[in-house]
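# Working through the structure, step by step
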Amino acid sequence: MTKTKMLAAFEVYALYLLTGAACITIGSSMTQLIAHYGVSLAAVATLGSAFALGRVVTVSLMGVLVEKLGPKPVLALGISLLLVFFLGLPATKSYPLALAFSALGGVGFGTQDATGPVVVSGIFTTGYASAMSAGQACFGAGCFLPPLCMSIVLSLGLPFQYTYLVFAVLAVLMLAVLPFAGMPKTQQLAESGGHAANPLYLTARVPGWVLLGVFAVSYCAVVNTINLYTTTFAESLAIPGAIAVSMLTAYNVGSMLGSLLFIVLLRRLKPLNVLWVNVAVALGLMLAAVLLQSIPVFFAALFLTGFFIGVLFSVMITLATGLEPRHAGLVAGIVGMVCGGSDTITPLITGRLVTALGPGSAYWYAIAMLAIALLAAAGFRALCRTGNKAAG
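This write-up is about the structure you can find in this document. Not measured: the values here are computed from a predicted model.

Time to look at the overall build of the protein chain. Summing up its helical and strand segments, the protein chain has 15 helices and two strands in all. Over its C-alpha trace the protein chain gives a radius of gyration of 20 Å, about what one expects of a compact globule, namely 21 Å for 392 residues. Across its three principal directions, the C-alpha atoms of the protein chain cover 55 × 50 × 30 Å. The burial tally for the protein chain puts 53% of its 392 residues in the buried class. The contacts in the protein chain between residues at least 6 apart in sequence include a share of 84% that link residues at least 24 apart. Total accessible area computed for the protein chain in this model is approximately 15,700 Å², and 72% of it derives from carbon and sulfur atoms.

Listed below in structure tokens is the structure:
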């Protein structure tokens, strides 16, 4: 790998980490932000909604810009917006400004959806699926780091803003390196990119894309529900709070480790099979956890569920770009938009369920979404073929 490609790899994987961190920093500093802005918990939670909305509204546009301008200027825009998010959110005392900074951070996230698969495909012309799994592992690391940084910062008696500053420094470093990174030419990727090495085509185009969309919505609903309600659900079963929090940690650690291991496994396994097999395993694990209601089973089931489904976002992107090799950035952006829409809607649905039926209903909702994801993945697998008739 040339030096310029190594720098491009640094940029894209650092962006995965940075967007993962951006997703979690608000939640990691909820208490501090309530005091900082002098607003309610619900108001701070709305910052997360503004972040999600910024991503959903603009991610398809970012895919179009990648196709027209190439990934480098879009990457520069995304890193800059994330820098504004990490500097502006903890610096301002104005809640309306904080909402604006959160939305800009979400737009920055959308640039990762659109540029990540394109840059990875250009760098890793072989082993594309494995390289995308590495990106998912970096995203998982980004989700893991903010709570760790916050605990260190607070234990040292430092202002909570220092946690945001850590990631702002990374963004500055990325902007400094970016001019020297060798980015792929989007018009060449359809023939020489890693995503085009194993093209796919659908025997029934519209039903196939609908099934992949259903999978994306239901998969993201599962991840969102587990992250939102695991602690509350465990506490409703009289499991101590410290153990309940550790269960969620077990899920996220499993997700990160699974993405790392699948870097190797996806060199041997077909992404089409990983999509439905991993969901089937996760469905069995979640059913066991809810029906047995044993603390050791919960820990094992959540860790293994994370292990098997953490990689599936990158698998979805791998399949979608394989179906449309000439429009990788646009397709990746659309998948990101669908997933962002699911992340926006799911809390509204689960919030009503939990209010009406209690915390346990959230996990049954996750199980139902896993079942839908499994049916969609199996149907998509039946319609998908490998070969040179890929759409494009």
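Read on, since the account is not over.
For Gly122, the position within the fold is in helix α5 (residues 95-123). For the pair Gly122 and Lys185, spaced 63 residues apart in sequence, the C-alpha separation works out to 7.9 Å.

Quick look at the pattern of salt bridges now. Following the criterion strictly, the structure yields three salt bridges and no others. A salt bridge links Asp113 to Arg55; the shortest N-O distance between them is 2.8 Å. In this pair, Asp113 is assigned in helix α5 and Arg55 in helix α3 (residues 41-69), connecting sequence segments 58 residues apart. Taken as a pair, Asp113 and Arg55 share a single burial class, namely buried. With a closest N to O distance of 3.8 Å, Asp343 and Arg55 form a salt bridge. With Asp343 in helix α14 (residues 328-357) and Arg55 in helix α3, the pair connects residues that are 288 residues apart, well separated along the chain. A residue is classified by how much of its surface remains accessible, and Arg55, at 8% relative accessible area, is buried. Residues joined in a network through salt bridges with shared partners are Arg55, Asp113 and Asp343.

Further remarks concern a nonpolar patch on the surface. On the surface, Phe144, Leu148, Ile152, Leu156, Leu158 and Tyr162 cluster together into a nonpolar patch covering about 540 Å² of accessible area. No other element matches the three residues that helix α6 (residues 128-155) contributes to the nonpolar patch. Looking at the element boundaries, Leu156 is found in the loop between α6 and α7 (161-177). Judged by its relative accessible area of 59%, Leu156 falls in the exposed class.

For the rest of this paragraph, the subject is the packing of aromatic side chains. For any two aromatic rings, the description comes down to two numbers: the centre-to-centre distance and the angle of the planes. One pass over the full model with this rule turns up 12 aromatic pairs. An angle of 70 degrees between the planes, with centres 6.3 Å apart, marks the rings of Tyr37 and Tyr95 as edge-to-face. Within this pair, whereas Tyr37 is found in helix α2 (residues 30-37), its partner Tyr95 is found in helix α5, the two being separated by 58 residues in sequence. When sorted by exposure, Tyr37 lands in the same class as Tyr95, which is buried. With 6.0 Å between their ring centres and 75 degrees between their planes, Phe51 and Phe109 make a pair best called edge-to-face. With Phe51 in helix α3 and Phe109 in helix α5, the pair connects residues that are 58 residues apart, well separated along the chain. What makes Phe51 buried here is its relative accessible area of 7%. Owing to a relative accessible area of 5%, Phe109 belongs among the buried residues under this scheme. One aromatic cluster in this structure is built from Phe51, Phe85, Phe86, Phe109, Phe139, Phe160, Tyr164 and Phe167.

Calculation criteria
Residues numbered from 1 in each chain as written. Predicted model: local features only at pLDDT ≥ 70, side-chain atom pairs only at ≥ 80, totals over all residues. Heavy atoms only, no water. Helix = DSSP H or I, 4+ residues; strand = E, 2+ residues; numbered from the N terminus. Rg over C-alpha atoms; globule rule 2.2 N^0.38 Å. Buried < 20%, exposed > 50% of the residue type's maximum accessible area, 1.4 Å probe, protein only. Contact = heavy atoms within 4.5 Å. Areas by Shrake-Rupley, 256 points an atom, 1.4 Å probe, with all protein chains shown as cover. Salt bridge = Lys/Arg side-chain N within 4 Å of Asp/Glu carboxyl O. Patch = residues over 30% accessible without salt bridge, like charges linked within 9 Å, V, L, I, M, F, W, Y side chains within 5 Å. Phe/Tyr/Trp six-rings, centres within 6.5 Å; stacked < 30°, edge-to-face > 60°.

Scope: geometric values only; no functional claims are made or implied.
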